[in-house]
Amino acid sequence: MQPAAVPTDRNSDIASTVVATMRQLGVLGLPRNYEIFYEALSGSNHELSLAVVSLSSRPTQEDLDGIGRSFFPQHHGPAIVEHAREMVAKELEDIASLLRSERTHIEKYGRILDETSSGLSNRSLLSQELLQKIAGAMSTATSSTLDHNRQISSTLSEKTAELESVKSKLEEYKRLADTDPLTHIWNRRAFDKEITRIYNSNRGILFNALILADIDRFKDINDRYGHPVGDKIIQIVAEILRSSVRADMFVARTGGEEFALIVEGASEDTTYEIAERIRVLIEQTPFTSSQTGMNYGTVTVSMGICMASEADNPEDLYTKADRALYRSKVSGRNRVTRHSTMAGRAGKGWLLYKKD
């Protein structure tokens, strides 16, 4: 991660490098292609950078869209679903064709059995030679049918495996569509579903709480060091949040520098202790460049808490936790505020919309 003395110059340099690189590789100047190369060349996503480096000297649009589907699934959802639909339709048509073939073969075998039965029923015409011919015909027909059945069974197994692969890819897409590509924790889409789930039962309302966290003075960080440094700080904060709580606890990035935790089965005091522990961990974490050793200073977060039982619905819960977060901001930042302790619990003021 390489900080810049003049962020605007750095961002301009990256943009110029992206355009030059795309032109050199013969990549079309599509917004989705620009996004891939910008993220890769800025160094904010190491795995994406490796994927771009592994491309050929003349990558196809199909190659690039494959990378886009892997790292930016939120922008490729319809294409992924349509591709899966086409694959499923093709496999089902192949299976239907196999079954039609099987039916034709069984009908043919049935006719041979009927003809054989007719020949055997006419005893006056039976002879050793005729019996040998009937036995030979039956043996050949049966052997052919068994071989055909084995082939059909094998092909159906292959088609079943291919359909399972499509199912697996769709499930992976669903997971990626709910995952923030920068931090690899849940995203706002997943958060909206999870917070709605709380109010589906009385138990959810009684035993859940929401913590909102926002990185303090994040705009200053971006202005001073540039967006790649800001992205790295977001990744570190996300990792602290994820690793500081139980594996089954829901942690999401809900906005640029805002995060949410849904705490289940804890009292308000325990929820506050969780938030306070995370706040201290972030404050005490050194934020330095692994490449240059440059220290970016102390990073802090402000946090707000609201118990689900204090709110009427998901929107109300989010609003009240956000009010508590706002109170932490205007009270000096780097602190945790409970909505239940706010005098009058007044709504937000215009200051909320000032740049932090």
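Quick caveat, the model's predicted, so the values are computed rather than measured.

(A) Examining the packing of aromatic side chains more closely. Enumeration according to the criterion identifies 4 aromatic pairs in this entry. The interplanar angle of 5° and the centroid separation of 5.9 Å between the aromatic rings of Trp186 and Phe250 together place this pair among those described as stacked. With Trp186 in the loop between α6 (128-177) and α7 (188-198) and Phe250 in strand β2 (residues 250-253), this residue pair connects regions lying 64 residues apart in the sequence. For Phe250, a relative accessible area of 9% corresponds to the buried category. The ring centre of Phe207 lies 5.2 Å from the NZ or CZ of Arg203, which sits over that ring.

(B) Structural view of the pattern of salt bridges. Going through the model one piece at a time under the given rule, you end up with 17 salt bridges. When the shortest N-O distance is used, the salt bridge between Arg32 and Asp65 registers 2.7 Å. Of this pair, Arg32 sits in helix α2 (residues 31-42) while Asp65 is found in helix α4 (residues 61-71), placing the two residues 33 residues apart along the sequence. Through salt bridges with shared partners, one network takes in Asp178, Arg189 and Lys193.

(C) Representation of the environment of Asn45 within the structure. Assignment of secondary structure puts Asn45 in the loop between α2 and α3 (46-53). Asn45 gets classed as buried once you look at its relative accessible area, which sits at 10%. Between the C-alpha atom of Asn45 and that of Leu182, which follows or precedes it by 137 residues, the distance is 6.9 Å. Ignoring any residue separated from it by four or fewer positions in sequence, one finds Asn45 in contact with Glu39, Phe71 and Pro181.

(D) Spotlight on the confidence of the model for the protein chain. When the pLDDT values of the protein chain are averaged, the result is 80; 68% of them are 70 or greater. Residue range residues 1-8 is modelled with pLDDT below 50. Its contacts to residues more than four positions away, or to other chains, number 24 contacts. Within the model, the stretch residues 346-356 combines pLDDT values under 50 with 18 contacts to residues more than four positions away or in other chains.

(E) View of the side chain of Asp180. By the element assignment, Asp180 lies in the loop between α6 and α7. There is a polar contact of 2.6 Å between the side chain of Asp180 and the side chain of Thr183.

(F) Spotlight on the pairing of β2. Every second residue of β2 is oriented toward a common face, with Phe250 and Ala252 on one face and Val251 and Arg253 on the other, all of them buried. Connecting the antiparallel pair β2 and strand β3 (residues 258-264) is a turn made up of 4 residues.

(G) Highlighting α7. What α7 keeps buried is the set Ala190, Phe191, Ile195 and Ile198. Buried residues of α7, seen end-on, are gathered within an arc of 125° and therefore sit on one face of the element. On its buried side, α7 packs onto α8 (202-206), β1 (208-215), β2, β3 and α12 (314-330). N-cap assignment for α7: the residue whose side-chain oxygen lies 3.2 Å from the backbone N of Arg189 is Asn187.

(H) How the structure looks around α3. Taken as a whole, α3 has its buried residues at Leu48, Ser49, Ala51 and Val52. Buried residues of α3, viewed axially, fall in a sector of 160°; they line one side. Structural note: α3 exposes His46, Leu50 and Val53 on the side pointing more than 90 degrees away from its buried face. Elements in contact with the buried residues of α3: α2 and α4.

Definitions and cut-offs
- Residues numbered from 1 in each chain as written.
- Predicted model: local features only at pLDDT ≥ 70, side-chain atom pairs only at ≥ 80, totals over all residues.
- Heavy atoms only, no water.
- Phe/Tyr/Trp six-rings, centres within 6.5 Å; stacked < 30°, edge-to-face > 60°.
- Helix = DSSP H or I, 4+ residues; strand = E, 2+ residues; numbered from the N terminus.
- Buried < 20%, exposed > 50% of the residue type's maximum accessible area, 1.4 Å probe, protein only.
- Lys NZ or Arg CZ within 6 Å of the ring centre and 35° of its normal.
- Salt bridge = Lys/Arg side-chain N within 4 Å of Asp/Glu carboxyl O.
- Contact = heavy atoms within 4.5 Å.
- pLDDT = per-residue confidence, 0-100.
- Polar contact = N/O pair within 3.5 Å; in protein donor to acceptor, adjacent residues only side chain to side chain.
- Pairing = 2+ DSSP bridges.
- Arc of directions from axis to C-beta.

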